[in-house]
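What the coordinates show
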Amino acid sequence: MARKYDFDCEVFENSSTLSKEVQNLIQLAKEQLDMAYAPYSKFLVGASLLLTNGNIYKGCNQENASYPLCLCAERVALFSMGAVEKDFEIKALVITASNPAKPLQVVCMPCGACRQVIQEFEQRQGKPITVYLTSENNEIVKIEGISSILPSSFSIQHLI
Ligand code: THU
């Protein structure tokens, strides 16, 4: 039985019914787990995103001995894309995680800071982003737009 979540989402028990495109993106995000630099938390996070122009960007968490400087996987992927693409449209974003010390039984939710950053990318492209969350239990949670997990958020509208 698929797990229940307290926000709008679609839950898949595995990736078999998802498009090949999304399956590939999930695979790439999982491969990023091996690249994570997480000597302090030992919590590995991988991310991948696909643009409508076909380009793919990837990221993984990057930690630092000065703990507050650690950067999350999804922000690494989003900012690397933002650094090289001017007019982008993100078709899908995948976030996955692995805790080697205690395999995850739930999908990894993006932290609040990353939700805020994803929201700004939605504003920039003028469209919601489809986010897929996965972890070691193979379950996939699909979210159509970050507002379902970041309601009433602070955004550019408050500044103008
Ligand atoms: N982490 C991410 O990469 N993404 C998230 O959304 C949650 C947390 C990373 C940051 C840190 O390297 C480790 O997970 C433990 O918090």
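Scroll up to find the structure this text is about.
Summarised in this report is the structure supplied together with it. Just so you know, these numbers come straight off a predicted model, no measurement behind them.

Observations concerning the state of the cysteines
If you walk through the whole model with that rule in mind, you get zero disulfides. The closest cysteine sulfur to the non-disulfide-bonded Cys108 is located on Cys72, 8.5 Å from its own sulfur. Residue classification places Cys108 among the buried positions, given a relative accessible area of 15%.

Describing the site of the ligand
Lining the immediate environment of the ligand, one finds Ser41, Phe43, Val45, Asn61, Glu63, Cys72, Ala73, Glu74, Met109, Pro110 and Cys111. At a separation of 2.9 Å, an oxygen atom of the ligand approaches a polar side-chain atom of Asn61. When the ligand is considered free in solution it has 370 Å² of accessible area, and contact with the protein chains removes 79% of it. Here the shell around the ligand is composed, by residue class, of seven nonpolar, two polar and two charged.

Cut-offs and rules
Residues numbered from 1 in each chain as written. Predicted model: local features only at pLDDT ≥ 70, side-chain atom pairs only at ≥ 80, totals over all residues. Heavy atoms only, no water. Disulfide = S-S within 2.5 Å. Buried < 20%, exposed > 50% of the residue type's maximum accessible area, 1.4 Å probe, protein only. Near = heavy atom within 4 Å. Polar contact = N/O pair within 3.5 Å; in protein donor to acceptor, adjacent residues only side chain to side chain. Areas by Shrake-Rupley, 256 points an atom, 1.4 Å probe, with all protein chains shown as cover. Nonpolar A, V, L, I, M, F, W, Y, C, P; charged D, E, K, R; others polar.

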